[in-house]
Amino acid sequence: QVQLVESGGGLVQAGGSLRLSCAASGFTFITSRMGWFRQAQGKEREFVAAVSWTGGSTLYADSVKGRFTVSRNNAENTVWLQMNNLKPEDTATYYCAADVATGVLAVREESYEYWGQGTQVTVSS
């Protein structure tokens with residue numbers, strides 16, 4: 001059974017930091033590309049970041065570039081999203097996703113086969 005379980009969300013003031021974690025199981029994590037997406041209330045889900053199976057390649061949305069860092073540990077089947085200098089516009093539910101089939105880092109939701117339930121991040125001004 002595939003599981004992606006996010007944790008680490010919460011309430012933080014603008015300028016603060018949070019570190020999201022995603023624990024994966026039930027599929028071959030080591031060969032999967034992993035992504036983070038977010039969905040703000042009333043808006044469509046959007047791409048945030050992705051990391052290759054080795055961790056050596058990453059991709060970021062322009063809105064988070066320079067503030068967020070995605071990383072992974074294949075021995076622990078875990079992927080993280082370090083979020084610094086948070087802004088109120090970062091408020092959203094953040095989802096971890098796994099791409100087990102596509103050979104390159106993907107920004108489209110359709111490229112990801114497995115999804116977590118999400119963790120809420122709220123940034124106050």
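An account of the accompanying structure is given in this report. Note that the structure is predicted; figures quoted are calculated from it, not measured.

**Some thoughts on the overall build of the chain**
Move 1: A tally of helices and strands in the chain yields zero helices and eleven strands.
Move 2: Starting at the N terminus and ending at the C terminus, the chain contains elements arranged as β-β-β-β-β-β-β-β-β-β-β.
Move 3: Seen through its principal axes, the chain has C-alpha atoms that stretch 40 × 30 × 25 Å.
Move 4: By residue count, 42% of the 125 residues in the chain fall in the buried class.
Move 5: Sequence-distant contacts, at least 24 apart, represent 59% of the contacts inside the chain between residues at least 6 apart.
Move 6: Here the chain has roughly 6300 Å² of accessible surface; of this, 46% comes from carbon and sulfur atoms.
Move 7: Side-chain charges in the chain split into 10 positive and 11 negative, and the spacing between the mean points of these groups amounts to 4 Å.

**So, the packing of aromatic side chains**
The geometry of two aromatic rings is summed up by the distance between their centres and the angle between their planes.
Move 1: The full count for this structure, using the stated rule, is six aromatic pairs.
Move 2: Positioned above the aromatic ring of Tyr-95, the side-chain terminus of Arg-45 is 4.9 Å from the ring centre.
Move 3: Here Arg-45 stacks its cationic end above the ring of Trp-115, 3.9 Å away from the centre of that ring.

**Some thoughts on the nonpolar core**
Move 1: In this structure, Met-34, Trp-36, Val-79, Leu-81, Met-83 and Tyr-94 are the most contacted members of the largest nonpolar core, which totals 34 residues.
Move 2: Those elements that provide at least two residues to this core are strand E3 (18–25), strand E4 (33–39), strand E5 (46–51), strand E7 (68–73), strand E8 (78–83), strand E9 (92–99) and strand E11 (119–124).
Move 3: Discounting chain neighbours no more than four positions away, the residues touching Tyr-94 are Glu-6, Leu-20, Trp-36, Phe-37, Arg-38, Val-48, Phe-68, Leu-81, Met-83, Gly-118, Thr-119 and Val-121.

**Observations regarding the pairing of E9**
Move 1: With respect to burial, E9 is a largely interior element, eight of its eight residues being buried.
Move 2: Bridging between E4 and E9 involves seven bridges; their strand directions are antiparallel. The partner of Gln-39 across the bridge, within E9, is Thr-93.
Move 3: Bridge analysis of E9 against strand E10 (residues 114–115) gives two bridges, and the strand direction is antiparallel.

Quick notes on the rules
All chains use their own residue numbering, which begins from 1 and follows the written sequence. The predicted origin of the model limits local features to residues at a pLDDT of at least 70 and limits the giving and counting of side-chain atom pairs to 80 or more, whereas totals for whole chains, interfaces and linings rest on all residues. Hydrogens and waters are ignored; side-chain quantities use all the structure's heavy atoms. Every helix listed is a DSSP run of H or I at least four residues long, and every strand listed is a run of E at least two residues long, numbered separately from the N terminus. Accessible area is worked out with a 1.4 Å probe on protein chains only. A residue is then buried under 20% of its type maximum, exposed over 50%, and partly exposed in between. A contact between two residues is defined here by any heavy atoms of the two lying within 4.5 Å. We get accessible surface area from the Shrake-Rupley algorithm with a probe of 1.4 Å; when it comes to residues, only the shown protein chains can shield them. Neither His nor the chain ends contribute to the count of charged residues, in which Lys and Arg are positive and Asp and Glu negative. Charge positions come from single atoms, namely NZ of Lys, CZ of Arg, CG of Asp or CD of Glu. Centres within 6.5 Å are what make two rings of Phe, Tyr or Trp a pair, Trp counting through its six-membered ring; a difference in plane orientation under 30 degrees is then read as stacked, over 60 as edge-to-face, and the rest as tilted. For a ring to carry a charge above it, either NZ of a lysine or CZ of an arginine must fall within 6 Å of the ring centroid while also lying within 35 degrees of the normal to the ring plane. We call a set of buried Ala, Val, Leu, Ile, Met, Phe, Trp, Tyr and Cys residues a nonpolar core when their side-chain atoms join them within 4.5 Å. Two strands pair if DSSP finds at least two bridges between them.

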